[in-house]
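Close look at the chain arrangement
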Amino acid sequence: MEVFLIKAAQLILAFAILVIIHEFGHFLFARIFGVKVEKFYMFFNPVTSLFKWKPKKHVGSLSKMKYLDPDAEEEDRERMALEEAASTYDKLNKELTQAEKRKEHPFKIAELQGKLDKADQELKKQIDKKTERDLADYEAQKKESWWKRFWGHTEYGIGWLPLGGYCKIGGMIDESMDTAQLKAKPQPWEFRSKPAWQRLLIMIAGVLFNFLLAILIYAGIVYATGEKFVEFKEAKLGMAYSPAAQKIGFRDGDIPLAADGTLLSNPTEDRMKMVQAKEVTVLRNGKDTVNISIPEDFIFSLDKEAKSDSVGFSFMMYRLPTRITQVVAGEPAAKAGITAGDMIIAIDSVATPSLDVFLPTLAGHPGETVKLTVVRTKGEANDTLNIPVTLSEGSKMGVGLEIDPSAFFTAKEKHYSLLSSIPRGISMGTDRLAAYASSMKLVFTKEGAKSVGGFGSIGAIFPEKWDWIAFWNIAAFLSVALAFMNILPIPALDGGHVLFLLYEVVTGKKPSEKFLEYAQTIGMILLILLLLYANGMDIVRLFK
């Protein structure tokens, strides 16, 4: 339960940060161009909100509301009356259209038409009220300071459904599906009244801010910690490969040289290049150059492997000598005379040149006495000792092992100034975006559809213990992924709005508001279905 709570907390915090930054991008550009932002919410708030606040107007939580200005209560009543009038009109209009299609009795059609006319009059009345109030507010705001005018007329809140967030922009058809405002004449403070290029910038701002956030995080990480890694060529024992990697041709000890002709150096940076390549070149046995063909579905094999409890690592890891760093008092190793600094090279005459061989070999002797061949350094000389150790029932001996490659091999280390960290952050963000975009094509394959995951899969990538560097690395990657997903040309996503705006810029023709409303509805349905499918796959995998 503790592990679950730690992962869930990291997921929610990361998601909240990414949503706020994304929506702030829309908010900032909307306000720069004088577009009214009615609401700014972290998470969705169907029916009720955990918290909401409008400066000098109201503050509340759940169903409780405290009005800070008597006029604000009347404003809320007018808003609700407009929404009700618009809903009634749309309902009656739909009923009349269906009745005419069915060719019902003229009296029935006349009755519906009469009701619709009354609803139309009520709607126009409420629209006129809102327009009059909005115009008065618009004129009053011209006398305010820039800062108050910028942020002081938006409702800020926290919803209870952590599936995203939204920035409700006046005069725009968005996820709020508030079409009542569109029945009035366009006003100068509305999204629909602005030039296409301004609307385009408002829509791409969310994606832009997510990408900039990723760059900022990556720059911050390298500024704070620098970069330290052992290059492939310096890993004298080569790499150890998982069963999935060995199945396609990799062998323990292989040293990666190139992926599709691009030279490889950093295992962390180049891992995805190898996975996505068509061919990887490795150095085998220190002398032979071997080309390994990478199947297109290799990434799915690694994904299955990563979720399996039977495999200790996925794809590859450094092959490291087995060096003892710590001996626990009272445990089998301490009783046998093992000391920190000892290097284990064999178990019962079975050579264990590296950790990837030592660990599975040791695991096969629960409760037994094994003979360890140990190299112990004394001054400038090395002694080779044979030490019998009686293992515990879990094949444990009570030691800590060196897992830092730089303890054995020459490491490349680089530190960054505040200024130089920025280009490195841009490079890392761009590389992650390119790799993510390249991998997305696999989602449309049969294996890709099966591998789609929801919040459970995302939460699983966070570490079991809180580690801020790991958290920010994952948050940066998710920010890149969110930027890419949002720019896809799907209605209801930013990319859908951008697509229609580009059409308008090129053709000079603006899609009708009714078309945009239908497109938004279809897009929302598609996204909800995708969300249900992705999280459903998490549940299916949970019970497998």
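1. Topic: the pattern of salt bridges
Inspection of every chain in the model, using the stated rule, returns 26 salt bridges. Two residues, Glu83 and Arg79, come together in a salt bridge whose shortest N-O distance is 3.3 Å. Placement of both Glu83 and Arg79 in helix 2 (residues 70–102) is noted, with a separation of four residues, approximately one turn of the helix. The exposure class of Glu83 is partly exposed, given its relative accessible area of 36%. Residue classification places Arg79 among the partly exposed residues on the basis of a relative accessible area of 34%. Between Lys130 and Asp134 there is a salt bridge whose closest N-O contact spans 2.7 Å. Linking Lys130 with Asp134, this pair stays in helix 3 (residues 106–141), spanning four residues, or about one helical turn. The class for Lys130 is partly exposed, based on a relative accessible area of 26%. Each of Glu227, Glu269, Arg424 and Arg432 takes part in salt bridges that share partners, so that together they form one network.

2. Topic: the packing of helix 1 (residues 2–32) against helix 14 (residues 468–486)
Axis separation between helix 1 and helix 14 bottoms out at 10 Å; the angle between their running directions is 45°. Compared by their axis directions, helix 1 and helix 14 come out oblique. For the crossing formed where helix 1 meets helix 14, the hand is right-handed. Counting all contacts with helix 1, which are made through Gln10, Leu13, Ala14, Ile17, Leu18 and His22, the residues of helix 14 involved are Trp468, Phe471, Trp472, Ala475, Leu478, Ser479, Leu482 and Asn486. For the contact of helix 1 with helix 14, a count of residues per class yields ten nonpolar, four polar and no charged.

3. Focus: the sheet that holds strand 12 (residues 288–293)
Here we have four strands laid out as an open sheet, ordered 10-9-11-12, and antiparallel in their pairing. Edge positions in the open sheet fall to strand 10 (262–263) and strand 12, since each of these has one partner strand only. Where strand 9 (residues 255–259) meets strand 10, two bridges bridge the pair, whose relative direction is antiparallel. Bridging across to strand 10, Ala259 finds its partner in Thr262.

4. Digging into the packing of aromatic side chains
Here the structure, examined in full by the defined rule, presents 32 aromatic pairs. Seen in terms of ring centroids, Phe27 and Tyr156 are 6.4 Å apart; in terms of plane orientation they differ by 50°. Their pairing is tilted. Residue Phe27 is found in helix 1, and its partner Tyr156 is found in strand 5 (residues 155–158); the two are separated by 129 residues along the sequence. Sitting over the ring of Tyr218, Arg432 keeps its end group 5.0 Å from the ring centre.

5. A word on the environment of Glu464
With respect to the helices and strands, Glu464 occurs in the loop between helix 13 (455–460) and helix 14. For the pair Glu464 and Phe232, spaced 232 residues apart in the sequence, the C-alpha separation amounts to 28 Å. The residues touching Glu464, leaving out its near neighbours within four places in the chain, are Val3, Ile6 and Lys7.

6. Concerning unusual backbone geometry
Positive phi is not limited to glycine here, since Phe43 has a value of about 75°. At Val47, a residue that is not glycine, the phi angle is positive and equals roughly 75°. When you line up the elements, Val47 lands in the loop between strand 1 (37–44) and strand 2 (49–54). Note on Val47: relative accessible area 91%, which makes it exposed.

7. Section: the nonpolar core
In terms of nonpolar packing, the biggest core is built from 41 residues, with Phe250, Met274, Val280, Phe315, Ile338, Leu372 and Met397 touching the most fellow members. Look past the residues within four positions of Phe250 in its chain and what remains in contact with it is Tyr241, Ala245, Met274, Val280, Val282, Arg284, Ile292, Ile294 and Phe315. Counting residues in each nonpolar core, the second largest holds 20 residues, with Phe27, Phe40, Met203 and Leu501 among its members.

8. Let's talk about the pairing of strand 1
By the criterion of burial, strand 1 is predominantly enclosed, with six of the eight residues buried. Of the pairings in the sheet, the one linking strand 1 to strand 6 (residues 161–169) comprises six bridges and is antiparallel in character. The residue of strand 6 that forms the bridge with Phe44 is Leu161. Across four bridges, the pairing between strand 1 and strand 5 is parallel. Bridging across to strand 5, Met42 finds its partner in Ile158.

Basis of the calculations
- Residues numbered from 1 in each chain as written.
- Predicted model: local features only at pLDDT ≥ 70, side-chain atom pairs only at ≥ 80, totals over all residues.
- Heavy atoms only, no water.
- Salt bridge = Lys/Arg side-chain N within 4 Å of Asp/Glu carboxyl O.
- Helix = DSSP H or I, 4+ residues; strand = E, 2+ residues; numbered from the N terminus.
- Buried < 20%, exposed > 50% of the residue type's maximum accessible area, 1.4 Å probe, protein only.
- Axes fitted to C-alpha atoms, helices over the stretch in contact; angles between N-to-C directions.
- Parallel < 35°, antiparallel > 145°, perpendicular 65-115°, else oblique.
- Left-handed = near helix turned anticlockwise from the far one by under 90°.
- Contact = heavy atoms within 4.5 Å.
- Nonpolar A, V, L, I, M, F, W, Y, C, P; charged D, E, K, R; others polar.
- Pairing = 2+ DSSP bridges.
- Phe/Tyr/Trp six-rings, centres within 6.5 Å; stacked < 30°, edge-to-face > 60°.
- Lys NZ or Arg CZ within 6 Å of the ring centre and 35° of its normal.
- Core = buried A, V, L, I, M, F, W, Y, C linked by side-chain atoms within 4.5 Å.

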